[in-house]
Amino acid sequence: MQDVIINEQENVLPINYEVLTISADFTDSAELQTVVCDGLCGDITYLASQFTFNSYALTLGGCEAAVNSNFQNVYFSGFLKMILPLPFCMLLQMKLTGVKL
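None of the values given here were measured: they were computed from a predicted structure.

(A) Focus on the nonpolar core. Membership of the largest hydrophobic core comes to 15 residues, with the highest contact counts inside it found for Ile22, Val36, Phe53, Phe71, Tyr75 and Phe79. Sorting elements by how many residues they give to this core places helix H1 (residues 66-83) first, with four residues. Setting aside its immediate chain neighbours within four residues, Tyr75 contacts Met1, Val4, Ile6, Ile22, Ser23, Ala24, Thr34 and Val36.

(B) Inspection of the pairing of strand E4 (residues 31-35) at higher detail. Along E4, the buried face is formed by Leu32 and Thr34; none of Glu31, Gln33 and Val35, which line the opposite face, is buried. Of the pairings in the sheet, the one linking strand E3 (residues 23-26) to E4 comprises four bridges and is antiparallel in character. By the bridge assignment for E4, Ser23 is matched with Val35. Hairpin geometry of E3 and E4 is characterised by an intervening segment of four residues between the two adjacent antiparallel strands and by a positive phi of about 60° at Ala30. Adjacent in sequence and paired antiparallel, E4 and strand E5 (residues 39-47) are bridged by three residues.

(C) Summary view of the pairing of E5. In this sheet, E5 lies alongside E4 in antiparallel orientation, the contact comprising five bridges. In the sheet register, Val35 faces E5, and the bridge partner there is Gly39. Relative to strand E6 (residues 50-58), E5 runs antiparallel, the two sharing eight bridges. When the sheet's bridge partners are listed, Leu47 is paired in E6 with Gln50. Linking two consecutive strands that pair antiparallel, namely E5 and E6, is a turn of two residues; a positive phi of about 60° is found at Ala48 within it.

About the thresholds
- Every chain's residues receive numbers from 1 upward, in the order its sequence appears when written.
- Per-residue local features are limited, in this predicted model, to residues with pLDDT of at least 70; the limit for side-chain atom pairs, both in listing and counting, is 80 or more; totals at the level of whole chains, interfaces and linings are taken over all residues.
- In computing side-chain values, all of the structure's heavy atoms are included and hydrogens and water are not.
- Side-chain atoms within 4.5 Å link the members of a nonpolar core, which is a set of buried Ala, Val, Leu, Ile, Met, Phe, Trp, Tyr and Cys residues.
- Partly exposed residues are those whose accessible area sits between 20% and 50% of the maximum for their type, while under 20% is buried and over 50% is exposed, using a 1.4 Å probe and protein chains only.
- Only DSSP runs of H or I covering at least 4 residues are called helices, and only runs of E covering at least 2 are called strands; the numbering of each starts at the N terminus.
- In this analysis, two residues are considered to be in contact whenever any of their non-hydrogen atoms come within 4.5 Å of each other.
- Pairing between strands is defined by DSSP: at least two bridges between the two strands are required.

In structure tokens:
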């Protein structure tokens, strides 16, 4: 990839020591695999000129450089908006204390 446009906003790819390239590979078996610092992969279904995720996995290692983290957050948020219904609510409960967050 050379450029990513999300919501009509151009996002320049941060190519540096940590991120040598950013790829988005659509396989013949209807999968998408893309990597910045972390990776996102999933089974997809094509609907005309768009696609939706049937299932997905996302690694959570993070980026070392802030410029890479910022880009990855914007880039992956475009995919995650297709996956997660908004608004997205999560209840976290600590097992030992029962405290809910």
